Amino acid sequence: MAINESLAQASNIMVYGAMTTLTGAMGAFAISLAKGRRIETLEESAERATSASHQVRMGSTATLDRPAVSTAIVTEDGRGEGRRAGNIGMSLTWLSAIFTGAAIIFRGLSAHRLPWGNMYEFSIAAGFGVLIAYCVMSLKRDLRWLGMFIVMPVLLDLGLAITVLYTESAQLVPALNSYWLAIHVTAAMVCLGSFAIGAALSVLYLVAERVESNIANGEAPGRLGPLAQRLPSSDRLDLMAYRIHAFMFPLWTFAVIAGSIWAEAAWGRYWGWDPKETWAFITWVIYAAYLHARATVGWRGRKAAFVAIAGFAAIMFNYFIVNMFVSGLHSYSGLN
Amino acid sequence: MSVMKQIVAYARWMWRSLTSMRTALFLLFLLAIASVPGSLFPQRGTSPLKVTQYLRDHPKSGPLLDRFHMFDVFASPWFAAIYILLFISLTGCVLPRTLIHWKELRSQPPVAPRNLGRLPAHESWTSNNVDGAIDGVAKAWSQRGWRVRTGESWVAAERGYARETGNLLFHLALLLVLLAIGSGSALGTKGTVLVREGSGFANNITQYDTFTPGRAFNTSTMAPFSFQLKKFFATYQLGGMQNGAPREFYADVAVKNAPASEARNVRIEVNKPLRIEGSSVYLVGHGYAPEFTVKNALGQVVWKDSAIFLPQDGNFTSTGVVKAPDSVPQIGIQAFFLPTAAVDMTQGPHSTYPAPMDPMVFMSVWTGDLGLDSGTPQSVYRLDTTRMTKVGLEKLKPGETYQLPKGQGSVTFDGYKEWASFSITHDPGKGWALGAGMFAIVGLSLSLLVPRRRAWLRITTSTNGATLVEVAGLSKTETPGLVTEISELARTARTYAPEVLHGD
Ligand code: HEM
């Protein structure tokens, strides 16, 4: 079937639209970070306390003699300008998610297929994955402080997509025409989006942890002090990062298995150590190591955060370096 | 200490270190790092030609890298050492945990701590009627999926045992995946074959172009299926930036499960292999096989068939040869087949589109001695012209004939067939690996998503006669929702020990 050019055009316009709203959101979140404060709900502080005491309890039966939870730090609610800016940022992020979603739908309609067949399309889908994961997570809790660290990378991703990776809308080469591939890529995109947020949280954890330990040692908070002030406590950041990774790791495992089911149907072997497969394996092992690290004495906290960041670095390596510079069977970048 | 004792102590220390979490972590990192060179250097398993090329380009470092198995990382002894150690560690880790978990599954929830008010989730109220509350609450909580234990004035509850069960299941499933992969590659086979339209293939070793059996493979296990290629189809993108990109291709074959069984028609497509008798047949490539009729000086037909030509580029500029050994002198043809023909100064004859929109052959015809009797095996795709002379060059469209000069005979380009290449694999471990993979996902989901929690209810009657009801809980894991869940439990408890509201 022929390509519907005007729909393809509409898709591109949506991407530009999303980039515009993302730029706005970035500005708004920057203001909110500079002026705002955040509060911690009761549920959050209870959970943070659970997490903080978890370390003590690992391996043994519960030891319950520890300080009461009521000492949890509850910062005051943000007021005025900062709060308003945060809300604007949040709304613009929702709008960007809708624009990227529309870009994906138009692109799919223009070629009459699922619109993830080349790197350009993957990048748009990944951006959408990050935005929608963030928006959905923000429904249940106040995540305005995180906004800046979400919209900035997504803007970068979309910018890269539309300039460097851009590929005209077209039909698929036969090897990509499989519903297992659609399942595999969808699962991988959701994971990629969530792991990106997990990595952002891990970086912020390192910031908060550094500042907190400076203060605990009686030193000055340091250059990162002002940023850490806007963030939740390091314990809470660590807990959030862990939950995202723990929640997504089974899905990532599924994504790898779905990929190998597709590889079996397309190439006659379910695992062949193609560079792309090798890096999916490496990523999987690093995240398994992260989950182990959090259960290993002496590895919780800073070291575990580095492992999580390494996991995301492996995903990025697989996506950019392997797709574009290492040749293998997975040649779908659409670039030549 | 006797030597024996020392050895035992040392062995114990070794075992404990090997099965510690720290070692598991270290081995996981090692496994990740060890895989990296496998993605950066060409590997024999996937691209043997590139390995040869690399060794030629790097005469110094190449052999050194080869010594360290850098070109077959995933089959190397040191890679195997890492994952075998990891799996020994895993077994040593999982077995004792299974025993502990087995005991835990049959044990009672622990009694309430002294001070419930210190737990992360806590509610309390005064009640004036707690008759039968302990039994009522125990029953209600138990219906919500908690394991409960009661005392005179308290209820203890725990839930989430499935978490540890899932964790053990997951680690066990990993072992199964490894076993399935290993046994599949030892018992299985891989092979390729190239078939022209109208020709067939039967599943025995002699009919394969290439064949790689597993270490424990046994010929008698080969299923006697066969198929005939009836027609091959391909379509390509026309116009646009991706002009000529493949869009669809498939092969229609007539399949027999056994020599005596009835043939049935099947379409093999990319992503849709033929599954037959435990084997899978994949369509992996295709090309053209032009048909020629070669006549000698007397006008007798000395050769009439299609010849397999191999594609040289994405537009199927294809090359091949025809050898007619039965004529005197022998005739040989070297030719290009171009599905959409074009000629220019720099590229010579070449094809500009993969589909046969304007098919043509460009050929050079030779006579003399083909060299087939010399005893050394010859490639069917190459003409040895050392003892031959070129008699002419010609380009032909389908149906056209080239009369060789001096009445030496003629060559007619009759038309063309297509050929398809198939990869045929037999991997008995495949289904097991998939099953184990599914188990791993289920185990993992339980292990990471099921919350393990404890909750207590305690009724205290103080000296002034007021009755205090406390409900509290803690999470043994970092799953969200503790406060909500405990307040649900408290709400249930309130129906059995109603709260005295102020003003009553
Ligand atoms: C093939 C290598 C292995 C992989 C891919 C792997 C993967 C995982 C994963 C993904 C988890 C997370 C589940 C959870 O946190 O509940 C986990 C947990 C765990 N693994 Fe492994 N594992 C491996 C080997 C081992 C070994 C060798 C040991 C023993 C030393 C081990 C002991 C554990 C333990 C004790 C947990 C539970 C941690 C907790 O309580 O949070 N694993 N493993």
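Here the structure is a predicted model, which means the values were calculated and not measured. Numbering of residues begins from 1 in every chain and follows the order in which that chain's sequence is written. Each chain takes a letter, starting from A, and each ligand takes a number, starting from 1, following the order in which they are written. Thresholds applied to this predicted model are a pLDDT of at least 70 for local features of residues and 80 or more for the giving and counting of side-chain atom pairs; totals over whole chains, interfaces and linings are not thresholded and use all residues. To obtain the side-chain values, all non-hydrogen atoms of the structure were used and water was disregarded.

Another aspect to go through is the domain arrangement of chain B. Once the domains are mapped, chain B shows domain 1 (13-102), domain 2 (111-160 + 451-494) and domain 3 (189-426). When each unit is reduced to the centre of its C-alpha atoms, the spacing between domain 2 of chain B and domain 3 of chain B is 78 Å. In this document the domain limits rely on a domain assignment from an automatic tool or a database.

Residues and elements named next belong to chain B. Whether two strands pair comes down to DSSP finding at least two bridges between them. Comment: elements are numbered from the N terminus, with helices defined as DSSP H or I runs of at least four residues and strands as E runs of at least two. Strand order in the open sheet formed by five strands is β1-β23-β22-β3-β2, with antiparallel pairing between adjacent strands. Since the sheet does not close on itself, it has two edges, and those belong to β1 (121-127) and β2 (147-150), each with one partner. On average, each strand axis in the sheet is tilted by 15 degrees relative to the strand beside it, whichever way the strands run. As paired elements, β2 and strand β3 (residues 154-159) share four bridges and run antiparallel to each other. By the bridge assignment for β3, R149 is matched with A156. Note on geometry: axes are C-alpha line fits, over the in-contact stretch for helices, and angles between N-to-C directions span 0 to 180 degrees.

Moving on to the packing of helix α4 (residues 119-140) of chain A against helix α10 (residues 302-325) of chain A. All names here are of chain A. Where α4 meets α10, the axes come as close as 12 Å, and the angle between the chain directions of the two elements is 175 degrees. Looking at the two axes, α4 sits roughly antiparallel to α10. Residues M119, F122 and S123 of α4 pack against Y319, F320, N323 and M324 of α10. Classification convention: Asp, Glu, Lys, Arg as charged; Ala, Val, Leu, Ile, Met, Phe, Trp, Tyr, Cys, Pro as nonpolar; all other residues, Gly among them, as polar. Looking at the contact of α4 with α10, its residues break down into five nonpolar, two polar and no charged. By the definition adopted for this analysis, an angle is roughly parallel if under 35 degrees, roughly antiparallel if over 145, roughly perpendicular if from 65 to 115, and oblique otherwise. Any pair of residues with heavy atoms lying within 4.5 Å of one another is described as a contacting pair.

Ranked by size, the top nonpolar core spans 122 residues in total, and within it A:W145, A:L146, A:I197 and A:L201 carry the most contacts. For this core, the leading source of residues is helix α6 (residues 179-216) of chain A, giving 19 residues. In these notes, a set of buried Ala, Val, Leu, Ile, Met, Phe, Trp, Tyr and Cys residues joined through side-chain atoms within 4.5 Å is what counts as a nonpolar core. For each residue, the accessible area found with a 1.4 Å probe, counting protein chains only, is set against the maximum for its type, and the residue is called buried under 20%, exposed over 50%, and partly exposed in between.

All names here are of chain A. Assignment of secondary structure puts L237 in helix α8 (residues 234-267). When the C-alpha positions of L237 and H112 are compared, they lie 42 Å apart, and in sequence the two are 125 residues distant. Sequence-distant contacts of L237, defined by excluding residues within four places in its chain, comprise W145, L201, L204, Y205, A208, L231 and P232.

Let us now look at the site of the ligand. Here a residue is near a molecule or strand as soon as one of its heavy atoms is found within 4 Å of it. The local shell around the ligand holds 23 residues, among which A:H292, B:C93, B:R97, B:H171 and B:S447 are the closest. Each of chains A and B places residues near the ligand. Residue A:H292 places a side-chain N or O atom 2.4 Å away from a nitrogen atom belonging to the ligand. Polar contacts, as used here, are pairs of N or O atoms within 3.5 Å; protein pairs need one atom able to donate a hydrogen and one able to accept it. Residues neighboring in sequence count only if both atoms are side-chain atoms. Residue B:H171 places a side-chain N or O atom 2.8 Å away from a nitrogen atom belonging to the ligand. Elements that contribute at least two residues to the shell around the ligand include exactly α9 (275-293) of chain A together with α2 (21-40), α5 (77-105), α7 (162-187) and α8 (430-449) of chain B. If one sorts the elements of the shell around the ligand by residue count, α5(B) sits on top with five residues. Partitioned by chemical class, the residues of the shell around the ligand number 15 nonpolar, seven polar and one charged.

So, about the side chain of B:T340. Residue and element names in this part refer to chain B. For T340, the location among the structural elements is in the loop between β15 (330-338) and β16 (341-344). Polar side-chain contacts of T340 include one of 2.7 Å to the backbone oxygen of A355. Of note is the side chain of T340, whose polar atom sits 3.4 Å from the backbone nitrogen of M357. Contacts of T340, omitting those with residues within four sequence positions, involve H350, S351, T352, Y353, A355, P356, M357 and D358.

Between side chains of opposite charge, a pair can form when the charged atoms approach closely. Salt bridges are defined by distance alone: a side-chain nitrogen of Lys or Arg within 4 Å of a carboxyl oxygen of Asp or Glu. All told, the structure shown has 29 salt bridges over all chains when counted by the stated rule. Residue B:R454 pairs with B:E158 through a salt bridge whose shortest N-O separation is 3.1 Å. In this pair, B:R454 sits in strand β22 (residues 453-461) while B:E158 sits in strand β3, placing the two residues 296 residues apart along the sequence. The closest approach of N and O atoms between B:E197 and B:K231, which form a salt bridge, is 3.4 Å. Here the residue B:E197 occupies a position in the loop between β4 (189-196) and β5 (200-202), and B:K231 occupies one in strand β7 (residues 226-236), the gap between them amounting to 34 residues. Several salt bridges share partner residues, and in doing so they unite A:D238, A:R294, A:R300 and B:E478 into one network.

The next thing to look at is the packing of aromatic side chains. Stacked, tilted and edge-to-face are the three classes assigned to paired rings of Phe, Tyr and Trp, where Trp is represented by its six-membered ring and a pair needs centres within 6.5 Å; plane angles under 30 degrees give stacked, over 60 edge-to-face, the rest tilted. This structure, assessed with the given rule, holds 35 aromatic pairs over all chains. Aromatic side chains A:F195 and A:W252 sit 6.2 Å apart centroid to centroid with 75 degrees between the ring planes, which places their arrangement in the edge-to-face category. Linking A:F195 in helix α6 with A:W252 in helix α8, this pair joins segments that are 57 residues apart in sequence. Taken together, the aromatic side chains of B:Y236, B:Y288, B:F292, B:F309, B:F316, B:F337, B:Y353, B:F413 and B:Y416 make up a single cluster linked through ring pairs. Only Lys NZ and Arg CZ are tested; either one counts as a charge over a ring when it is within 6 Å of the ring centre and within 35 degrees of the ring normal. Looking at B:R147, its charged tip hangs above the ring of B:Y161, at a distance of 4.2 Å from the centre. The ring centre of B:F233 lies 5.4 Å from the NZ or CZ of B:K231, which sits over that ring.

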